[in-house]
Each structure stands twice: as structure tokens, then as C-alpha cells.
2 protein chains.
Amino acid sequence: MAQKNILQYLILGLLNQSPKTGYDLKRVFEDDIGEFWQAQHSQIYPELKRLEQADRITHVELIAGTKLKKKQYSITADGIAFFDEWRYSPTSEIIASKDEFILKLYFIDSKNDAHLDAMFTEQKTLHQAKLDHLLDRRQTLFSQQAAVDAHYGHYLILEHAINREQDYLNWLTTARP
Amino acid sequence: MAQKNILQYLILGLLNQSPKTGYDLKRVFEDDIGEFWQAQHSQIYPELKRLEQADRITHVELIAGTKLKKKQYSITADGIAFFDEWRYSPTSEIIASKDEFILKLYFIDSKNDAHLDAMFTEQKTLHQAKLDHLLDRRQTLFSQQAAVDAHYGHYLILEHAINREQDYLNWLTTARP
DNA sequence: AATAGCATGTAACTCGTTACATGATTAC
DNA sequence: GTAATCATGTAACGAGTTACATGCTATT
């Protein structure tokens, strides 16, 4: 065993919400959970094949327009069981994050280093843009209380992503006003 | 080209501070920059070989005790140039983080889900322990102003790690008091 | 008709983890 | 003496990225 293959659980969880095509999954990864997990379509399609071989999902072929085939996948009872095992098991490790800017900063010894201002200015811009985008998404998705109640976990993690960016920006600004 | 090989720059940066063995590097990864990057010795030793073949580092063999050989690596002029190119280049992408707990949370639809309390309690414990450890390290490394002045970047990233954990804990507590 | 987006796949490659393997030294 | 740590390496595997490849559909 080398790694954990969390991707399979995410795909199962998303199919557990509703049947989806590989392309649908790709978009959810981009839009909804991209802050906390990433997956390219080149990783999703093979994983769908493996999950189907393991009888955790099945698919039906749909025709859009006149010719365009798409495979709509659904989760099976086996798949649900396998997903539930993961989702309700303890999460006892924190997957450490990676941050290239932070590493570059580590090698700066002096407060007077000529590069510090440019480095911080750049990061402030990046993280402000990210924060703006997240605030926008909150506005779009959760401006009504009903949405919060129906997708509470999604709401919470978006709040967390927003907090995180605000905290990052706050640190940047405090360290280098 | 598939990925960025940031590890090589980190090794060069650490050797730029002072000559080190592979084992020394391993410990720095565990202790100092583990919050933001991880590397096992099985990744470090081959990378040292590659860097030496590229003439970016060299080594001398030292004998500890009577027999134990160790290879002490130093950075070359080429290595310094290569490192500087990286460290002073723009960091225009944010490497997205991964967090398994957050993903499990995403799939919880209702505020009344019976698992929520246990999930949050577990995470509070984990992140509190991490925060305690970081506060401890700040006390050890940076209780004197001279240390802050001599290793300003290291100080800043430790502050950031502390902020981040405090923010995480704060979110956990606010969402599930 | 051209462009952007929908839709699915494979190939090549690197990154990173876990496990295997060996031996010396220090502290108890 | 024995356990923990120092010290260095390789092997096997899975995870993840980038690039290659193809074709349909909707919008302007």
C-alpha cells in the first residue's frame, strides 16, 4: 500500500448525492471542493472504471442531442456501504499543507531583505482575489437560510475557506503593513 | 515535465545555510518546515545524488566515532545561482491544500447529523495538540528578540502556522460549540 | 464559420509513501 | 545488553500532473 486513494471516496460521495457523468464530477471538483481537493479528468475517468469493476458504481449510457454519448454513473449498495465506512471513520491525521511562498520566506533571514516587500505584495493580491471569489460563492450559494439547512456541511467548509483566506491576509498585512 | 520538484530547492536552500548530511536534512524537514513541506529520507538521498550529478552540490566523507561514515554536502556556486533563481521568482500560484476531515464534512447535509459532534470533538483535540506543539516551538526558538532578527523568515512562518491553527480551532468551536 | 464548452479517454512522467535492508553509535 | 537514534541506501507502488487525442453541441 502506498497512499490512501481518497479520490474514490469523493467520487462515491458525489454519486451518492445524485447520478453524475465524469464531466459533472470534474466540475464539482473545480467548483465546490477545489479548495480542499483537486482532481483532473485524467484521474477521474480511470477511477470510475475501477469503481465499476469493483461493483461500487454502475453506469447507463445517455445520448445528448443526436449523437453525443455520455455515461451517467450511479452508486450501488456496495458502494454506499464502502463510502459510509470511510465517512464515519475517525480522521486522526492532519494532511499537512504545502505552500511554496512560505518556503521561500523561510530562507529570508533578515527583516531588511530587499525582496520582502515585493513578495508580500504579490501574495496579498493573490489571496485577496481568492477571498473575493469565495465571498462571491457564498453569496451565490448560501444567501438563503434554506440552502444552509439543506447543505450544512458544504456551508461550513465554505465558511472555513473564507476564514482561512482572511486569516492569511491578516497575517500578511500584519507582518508587512 | 510533470511536476515542479520543489524539494531540490529546499535542499539547496538548507545547504546554503550550512553544510549538512542527508540525515540532518531529514531532521530539518521534520522539525522546522514540516508544517509546510514534508520529505522522507527515501526521497532526500536520491535527490542529493541527482543534485551532485548536476554539480549543484558536492560532498566530503566524514568519519564519526571509528567507522561510521557520513556524507556532508555543501552547495556549489552553480547551486547557489539555481537556488536564487527560484527563491526570487514570483510565486503566482497557491498550491491548494488537502484536508480529509473537511471532505467528510462536505457530505454531511443536515445540522442534526448524529455524527457531527464526534467529528468536531476529534478535530478539536487534534488541532489543539498541534497548536500546543507550535506554541512550544515558538517558546524554544524565538523567546529572544535576537533569534527573531537572525531568522526572520522562520519566525514569520511559525507565526503563520500558529495563526492558522488558532483560526482552525476557532472555526471548529464556532461551528460546534 | 468559428469559438467555447461538453464529453471521454490514454500515455508518459514525476512525486511521494511505505516497506525493505543494513550497520554504527550513544545512553540507560 | 538493549533500545533509541544516527546514518544511508534501494524497491515497489500508487497518486497526481501534463500532454496527447478525438469528436459533438451550443452560442455568437
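No experiment lies behind these values; they were computed from the predicted model shown. (Residues numbered from 1 in each chain as written. Chains lettered and ligands numbered in written order. Predicted model: local features only at pLDDT ≥ 70, side-chain atom pairs only at ≥ 80, totals over all residues. Heavy atoms only, no water.)

1. A few points about the protein's contact with DNA strand D
And step 1. Neighbouring residues of DNA strand D: 28 residues in total, closest Asn 5 and Ser 42 of chain A together with Tyr 23, Lys 70 and Lys 71 of chain B.
And step 2. Each atom of DNA strand D within 4 Å of the protein was classed as base or backbone; sugar and phosphate made up 66%.
And step 3. Gly 22 of chain B is positioned with one of its backbone polar atoms (N or O) 3.4 Å from a phosphate oxygen of DNA strand D.
And step 4. For the surface near DNA strand D, the secondary-structure elements that each account for two or more residues are α3 (41–53) of chain A together with α2 (22–31), α3 (41–53) and β2 (68–75) of chain B.
And step 5. Of all the elements, α3 of chain B adds the most residues to the surface near DNA strand D, at four residues.
And step 6. Residue composition of the surface near DNA strand D, grouped by class: nine nonpolar, twelve polar and seven charged. (Near = heavy atom within 4 Å. Polar contact = N/O pair within 3.5 Å; in protein donor to acceptor, adjacent residues only side chain to side chain. Helix = DSSP H or I, 4+ residues; strand = E, 2+ residues; numbered from the N terminus. Nonpolar A, V, L, I, M, F, W, Y, C, P; charged D, E, K, R; others polar.)

2. Points about the packing of aromatic side chains
And step 1. Under the counting rule described, the total for this entry stands at 24 aromatic pairs over all chains.
And step 2. Both rings, one in Phe 101 of chain A and one in Phe 120 of chain A, keep their centres 5.6 Å apart while their planes meet at 85 degrees; by these two values the pair is edge-to-face. Here Phe 101 of chain A is found in helix α5 (residues 100–106), whereas its partner Phe 120 of chain A is found in helix α6 (residues 116–142), with 19 residues between them in sequence.
And step 3. With relative accessibility at 0%, the residue Phe 120 of chain A sits in the buried group.
And step 4. Where Phe 101 of chain B meets Trp 171 of chain B, the ring centres are 6.5 Å apart and the plane angle is 65 degrees; that geometry is what we call edge-to-face. With Phe 101 of chain B in helix α5 (residues 100–106) and Trp 171 of chain B in helix α8 (residues 152–175), this residue pair connects regions lying 70 residues apart in the sequence. For the residue pair Phe 101 of chain B and Trp 171 of chain B, the accessibility class agrees, reading buried in each case.
And step 5. Positioned over the ring face of Trp 37 of chain A is Lys 98 of chain B, at 4.1 Å from the centre of the ring. (Phe/Tyr/Trp six-rings, centres within 6.5 Å; stacked < 30°, edge-to-face > 60°. Buried < 20%, exposed > 50% of the residue type's maximum accessible area, 1.4 Å probe, protein only. Lys NZ or Arg CZ within 6 Å of the ring centre and 35° of its normal.)

Spatial relationships are all this shows, so hold off on functional conclusions.
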